[in-house]
Amino acid sequence: MSTIHPDPEATGADTPHLDFAGTTPYEDYVQADVLTHLQHLRSDDPGEMVFLVTTQVMELWFTVIVHEWETAAHALRQDRLTVARDALKRSVRELEALNASWTPLAQLTPAQFNSYRGALGEGSGFQSAMYRRMEFLLGDKSASMLVPHRGAPRVYAELEKALAEPSLYDEVLALLAHRGHAVPQSVLGRDLTQKYEPSPEVEAVWAEIYADPERYDDLVRLGEALTDVGELVWRWRNDHLVATRRAMGSKTGTGGSAGVAWLEKRATKNVFPELWTARSHV
Ligand code: HEM
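Nothing here was measured: the structure is a model prediction, and the numbers come from that model. Residue positions are given per chain, counting from 1 as you read along its sequence in written order. It should be noted that, the model being predicted, local features are given only for residues of pLDDT at least 70 and side-chain atom pairs only at 80 or more, the latter also being counted only at that level, while totals for whole chains, interfaces and linings use all residues. Side-chain measures were taken over the full set of non-hydrogen atoms in the model, leaving aside hydrogen atoms and water.

Trainee: Looking at this structure, I do not really get the coordination of the iron atom of the ligand. What am I missing?
Mentor: Tetrahedral metal sites with four donors have an ideal angle of 109.5 degrees; octahedral sites with six donors have ideal angles of 90 or 180 degrees. Shown as donors are all N, O and S atoms within 2.8 Å of a metal ion, widened to 3.2 Å for Na, K and Ca; because water is not in the atom set, sites may appear incomplete. Protein coordination of the iron atom of the ligand is limited to a single donor, His240 (NE2), positioned at 2.1 Å. Numbering of helices and strands runs from the N terminus, with a helix taken as a DSSP run of H or I at least four residues long and a strand as a DSSP run of E at least two residues long. Mapped onto the elements of the fold, histidine 240 is located in helix H11 (residues 217-248).

Trainee: Before we go on, may I ask you to explain the site of the ligand in this structure?
Mentor: Consider each residue's heavy atoms; a residue with any of them within 4 Å of a molecule or strand counts as near. What surrounds the ligand is a group of 26 residues, the closest being Ser124, Arg132, His240, Ser257 and Arg266. Here a polar contact is taken to be a pair of N or O atoms separated by no more than 3.5 Å, where protein atoms must pair a possible hydrogen donor with a possible acceptor and residues adjacent in sequence count only if both atoms sit in side chains. Side-chain polar atom of serine 257 to an oxygen atom of the ligand: 2.7 Å apart, as the coordinates give it. One of the side-chain nitrogen or oxygen atoms of arginine 266 is found 2.7 Å away from an oxygen atom of the ligand. Under the scheme applied here, ten amino acids are nonpolar (Ala, Val, Leu, Ile, Met, Phe, Trp, Tyr, Cys and Pro), four are charged (Asp, Glu, Lys and Arg), and all others, including Gly, are polar. The residue makeup of the shell around the ligand, split by class, is 13 nonpolar, 11 polar and two charged.

Trainee: In this structure, what is going on with helix H10 (residues 200-211)? I would like to understand it.
Mentor: Because each turn of an α-helix spans 3.6 residues, side chains separated by three or four positions end up pointing in the same direction. In a regular helix each residue adds 1.5 Å, so 12 residues correspond to 16 Å; H10 covers 16 Å between its end C-alpha atoms and thus fits that length. The buried label goes to any residue with under 20% of its type's maximum accessible area, the exposed label to any with over 50%, and the partly exposed label to all in between, with areas taken from a 1.4 Å probe on protein chains only. If you check which residues of H10 are buried, you get Val202, Val205, Trp206, Ala207, Ile209 and Tyr210. What makes two residues a contact is simply this: any of their non-hydrogen atoms within 4.5 Å. Looking at the packing, one finds that the buried side of H10 touches helix H8 (168-178), helix H9 (185-188), H11 and helix H13 (273-277). The N-cap residue of H10 is serine 199: its side-chain oxygen and the backbone nitrogen of glutamate 201 are 3.2 Å apart. Working rule for helices: expected span equals 1.5 Å times residues minus one.

Trainee: Where do I start with unusual backbone geometry in this structure?
Mentor: Negative phi is the rule for most residues except glycine; trans is the rule for most peptide bonds. Unlike most non-glycine residues, aspartate 79 shows phi in positive territory, near 60 degrees. Backbone geometry places phenylalanine 272, a non-glycine residue, at a positive phi of 55 degrees. Within the secondary structure layout, phenylalanine 272 lies in the loop between helix H12 (260-267) and H13.

Trainee: When you look at H12 in this model, what are you seeing that I'm missing?
Mentor: When we look at burial in H12, the residues that qualify are Val260, Leu263, Arg266 and Ala267. Down the axis, H12 shows its buried residues gathered within 115 degrees of arc, on one side only. Residues of H12 that are buried in the fold lie against helix H6 (129-137) and H11. Throughout, the arc means the angular range of directions from the helix axis out to the C-beta atoms.

Trainee: Is there a simple way to think about the packing of helix H5 (residues 110-117) against H11 in this case?
Mentor: Helix axes are fitted only over the stretch in contact, all axes being lines through C-alpha atoms; the angle between N-to-C directions runs from 0 to 180 degrees. The interhelical angle for the contact between H5 and H11, taken along N-to-C directions, is 85 degrees, at an axis separation of 7 Å. Overall, the two elements H5 and H11 adopt an arrangement that is roughly perpendicular. Judged by residue contacts, Pro110, Phe113 and Arg117 of H5 engage Arg246, Ala247 and Met248 from H11. The residue makeup of the contact of H5 with H11, split by class, is four nonpolar, no polar and two charged. Here is the rule for angles: anything less than 35 degrees is roughly parallel, anything more than 145 is roughly antiparallel, 65 through 115 is roughly perpendicular, and the remaining ranges are oblique.

Trainee: Please clarify how the pattern of salt bridges should be interpreted in this entry.
Mentor: Where charged atoms from two side chains of opposite charge approach closely, those side chains can pair. By definition here, a salt bridge exists when the distance from a side-chain nitrogen of Lys or Arg to a carboxyl oxygen of Asp or Glu is within 4 Å. Applying the stated criterion across every chain, the model contains 19 salt bridges. One salt bridge connects arginine 179 with aspartate 79, and the closest N-O pair in it is separated by 2.8 Å. One end of the pair, arginine 179, is in the loop between H8 and H9; the other, aspartate 79, is in the loop between helix H3 (48-77) and helix H4 (81-100), and 100 residues separate them in sequence. You can call aspartate 79 partly exposed: its relative accessible area is 29%. Linking glutamate 158 and arginine 133 is a salt bridge whose minimum nitrogen-to-oxygen distance equals 3.2 Å. In this pair, glutamate 158 is assigned in helix H7 (residues 153-164) and arginine 133 in helix H6, connecting sequence segments 25 residues apart. Glutamate 158 sits in the partly exposed class, given a relative accessible area of 33%. Note on arginine 133: relative accessible area 13%, which makes it buried.

Trainee: How do you make sense of the nonpolar core when you look at a structure like this?
Mentor: Nonpolar side chains in soluble globular proteins tend to be buried together. Put simply, a nonpolar core is a bunch of buried Ala, Val, Leu, Ile, Met, Phe, Trp, Tyr and Cys residues held in one set by side-chain atoms that sit within 4.5 Å of each other. Core analysis: the largest hydrophobic core is formed by 60 residues, its most contacted members being Trp69, Leu168 and Trp206. Only H3, H4, H5, H6, H8, H10 and H11 provide two or more residues apiece to this core. Sort the elements by how many residues they give to this core and H11 lands first, with 12 residues. The residues contacting tryptophan 69, other than those within four sequence positions of it, are Leu88, Ser91, Leu95, Met134, Leu137, Leu138, Leu168, Val229 and Val233. Counting seven residues, the second largest nonpolar core, distinct from the first, contains Ala129, Leu159, Ala162 and Leu163.

So this is what it looks like as structure tokens:
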């Protein structure tokens, strides 16, 4: 091993520490060595790296956002509106960063995508468990979305728990009921493993809240934070749709769906539906 001669300018009294007995404290915390060696490319195409890393970056953002929404849901259960709203507001900034990470993939040509598409096999973002947990937290529950994960016990257990737990929106509606708003029992006692279906009574509750912002200031601000979340999730879906349309036209997806036609249907879904429809009645 050759002797390393430290640069004298980097070893003065007021410079950062260089000597550590084991790995650096940064490494111990961030695990950058693990993180930056998880890029196992499957083709020789130079464009595959940014495709894989963008996907991994998005998975990390999904993880952060799930954490924020779980924090918010838990705080709402305890009627701690400020804690909930702070977590939701953080998630709004994080969703903006998530959406900005489409940039490197937004203009792929079919030839560029084809250069490594075959190497993905049947792999598809459709199989993203963390994305599914986001959807479950938004109220878009579906037991059949657990099926692809039968072979991964930890992931399966997390999804199963998320399927059975109240979604973020269920907790919002429970808080509204707790504060005296007329959320019907059929909504509060709904089967939590099923997709949330919009309710005219809940729409009327939001219309009442939005019509009196002075009286319901804190709930209007909660409603607006949720609306920001809904809008940014919708934008993620649409950015994904347009990127897909540019990269592969109307070919079928690697996950076996009809591709763009299937994604178009998914992109029209409204997040927190009554927060949008109530606006017509204020
Ligand atoms: C330009 C590159 C991309 C293309 C062409 C593409 C294409 C597709 C297609 C066709 C589907 C439908 C399912 C299938 O048959 O595979 C899909 C689903 C999905 N993709 Fe992508 N995708 C791209 C990038 C990404 C990235 C970077 C992510 C980030 C994790 C991602 C996450 C997802 C998710 C979560 C779904 C499921 C959506 C749902 O369940 O509604 N995709 N993608």
